[in-house]
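What follows is each chain in one-letter form.
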Amino acid sequence: MADLTHCRLYGIVDLNYVNAANALRVTEAMLEGDVDLIQLRGKQKSLDELTDLAAELHKITSRSSIPLIVNDHAEIARRLPVEGVHVGQDDDPIAVVREKAGRNVIVGKSTHTLAQAIAAQSEGADYIGFGPIFATPTKPDYKPIGLADIKCVHVDVTLPIFCIGGIKIDNLEQVIAAGARRAVIVSGLLQAEDVAEYARTAKRLFNLKSEI
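What comes next is a walk through the structure. (Residues numbered from 1 in each chain as written. Predicted model: local features only at pLDDT ≥ 70, side-chain atom pairs only at ≥ 80, totals over all residues. Heavy atoms only, no water.)

**Digging into the overall build of the chain**
Stage number 1. For the chain, the count of helices and strands is nine helices and eight strands.
Stage number 2. Relative to the compact-globule value of 17 Å for 212 residues, the chain shows a C-alpha radius of gyration of 16 Å, a close match.
Stage number 3. Seen through its principal axes, the chain has C-alpha atoms that stretch 40 × 40 × 30 Å.
Stage number 4. Within the chain, the proportion of its 212 residues that are buried is 50%.
Stage number 5. Here the analysis covers contacts within the chain between residues at least 6 apart in sequence; of these, 61% occur between residues at least 24 apart.
Stage number 6. Accessible area of the chain: about 9,700 Å², with a carbon and sulfur share of 49%. (Helix = DSSP H or I, 4+ residues; strand = E, 2+ residues; numbered from the N terminus. Rg over C-alpha atoms; globule rule 2.2 N^0.38 Å. Buried < 20%, exposed > 50% of the residue type's maximum accessible area, 1.4 Å probe, protein only. Contact = heavy atoms within 4.5 Å. Areas by Shrake-Rupley, 256 points an atom, 1.4 Å probe, with all protein chains shown as cover.)

Dropping the structure here:
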């Protein structure tokens, strides 16, 4: 299983922002920009459509030894050698995800409160998403939790924690200053004119923090 300890920047190929025809190009640009972890998310796509696209993406992520995580569908991890599955609060429990995958894959879980973060760790998650930190069109029904709990969650949870939700280059420094060690960037990355350079800039901000 991939070691997530040194991962800093998590990119999501969200098919609400990128059409399937461009997904390979965007993924290649993320890899060029030194993204550490990539997720495929397509809430409106069928299992077969996502499986076919995940197979194509995994060909290029595996060449760079970057884990590919699929959103929601553990069945894809049974069909393909993707590295992991990400689930939300209303999805299958983590034990069921691993059972459906038929092997010991990385399982990440979305959390929106300190209590949920602690529960995900107890449940056996390999990492958590924590947010939304800021308002985001990706999760319009969730109230932003802000920056205040970032330090606390890093005390209470020992798993890799990826802050998520409305994070972009122009507010990433605030998130890092609040105690974040890792972040997910979705729309900012996918809508950038130069995806690779946007990712490199985000990674530089994390690297500067680690050198202080």
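Past the structure itself, the notes keep going.
**Details of the environment of Gln44**
Stage number 1. Here Gln44 is to be found in the loop between strand 2 (37-41) and helix 2 (47-63).
Stage number 2. On the accessibility criterion, Gln44 (66% relative accessible area) is exposed.
Stage number 3. Along the primary structure Gln44 and Pro93 are separated by 49 residues, whereas in three dimensions their C-alpha atoms are 22 Å apart.

**Here we look at the pattern of salt bridges**
Stage number 1. The final tally for this structure, using the stated rule, is 13 salt bridges.
Stage number 2. Between Asp14 and Arg41 there is a salt bridge, with its nearest N and O atoms 3.0 Å apart. Remark: Arg41 occurs in strand 2 and Asp14 occurs in strand 1 (residues 9-14); sequence separation between them is 27 residues. Of the two residues, Asp14 and Arg41, neither departs from the other in class, the shared state being buried.
Stage number 3. In this structure, a network of salt bridges that share partners links the residues Glu32, Glu197, Arg200 and Arg204. (Salt bridge = Lys/Arg side-chain N within 4 Å of Asp/Glu carboxyl O.)

**Points about the side chain of Thr51**
Stage number 1. Note on placement: Thr51 falls in helix 2.
Stage number 2. For Thr51, a relative accessible area of 8% puts it in the buried group.
Stage number 3. Filtering out sequence-adjacent residues up to four positions away, Thr51 remains in contact with Ile76, Arg79 and Leu80.

**Quick look at the pairing of strand 5 (residues 106-111)**
Stage number 1. Of all six residues that make up strand 5, six are buried, and the element is covered over most of its length.
Stage number 2. As paired elements, strand 4 (residues 84-87) and strand 5 share four bridges and run parallel to each other. Its bridge partner being in strand 5, Gly84 is matched across the sheet by Ile106.
Stage number 3. Handedness of the crossover is the feature at issue here: the chain leaves strand 4, passes through helix 4 (residues 94-101), returns alongside strand 5, and the resulting connection is right-handed.
Stage number 4. Two elements, strand 5 and strand 6 (residues 127-130), share four bridges in a ladder whose sense is parallel. (Pairing = 2+ DSSP bridges. Right-handed = clockwise from strand over helix to strand, strands pointing away.)

**With respect to the packing of aromatic side chains**
Stage number 1. Enumeration according to the criterion identifies three aromatic pairs in this entry.
Stage number 2. Here Tyr10 and Phe162 contribute two aromatic rings whose centre-to-centre distance is 5.2 Å and whose plane-to-plane angle is 80°, an arrangement assigned as edge-to-face. A residue pair is termed long-range when its members are at least 10 positions apart, and Tyr10 in strand 1 and Phe162 in strand 7 (residues 161-163) qualify at 152 residues. Taken individually, Tyr10 and Phe162 each receive the classification buried, so the pair is uniform in this respect.
Stage number 3. Taken together, the ring pairs connect Tyr10, Tyr127 and Phe162 into an aromatic cluster. (Phe/Tyr/Trp six-rings, centres within 6.5 Å; stacked < 30°, edge-to-face > 60°.)

**As for the nonpolar core**
Stage number 1. With 73 residues, the main nonpolar core has Met30, Ile128 and Ile167 as its most contacted residues.
Stage number 2. The dominant element in this core, judged by the number of residues it contributes, is helix 9 (residues 195-211), at six residues.
Stage number 3. Apart from the residues lying within four places of it in its own chain, the contact partners of Met30 are Gly11, Ile12, Val13, Val35, Ile38, Leu189, Leu190 and Val195. (Core = buried A, V, L, I, M, F, W, Y, C linked by side-chain atoms within 4.5 Å.)

**A few points about helix 2**
Stage number 1. In this model, helix 2 (17 residues) spans 24 Å end to end at C-alpha, consistent with the 24 Å of a helix rising 1.5 Å per residue.
Stage number 2. Taking the largest bend as the criterion, helix 2 deviates by roughly 25°, centred on Leu57.
Stage number 3. Residues of helix 2 that are buried include every one of Leu50, Thr51, Leu53, Ala54, Leu57, His58, Ile60 and Thr61, and no others.
Stage number 4. Lining the buried residues of helix 2 we find helix 1 (20-32), strand 2, strand 3 (68-71) and helix 3 (74-79).
Stage number 5. Of the residues flanking the end of helix 2, it is Ser65, one or two places downstream, whose phi is positive at about 55°. (Expected span 1.5 Å × (residues − 1). Bend = angle between axes of the 7 residues up to and from the residue.)

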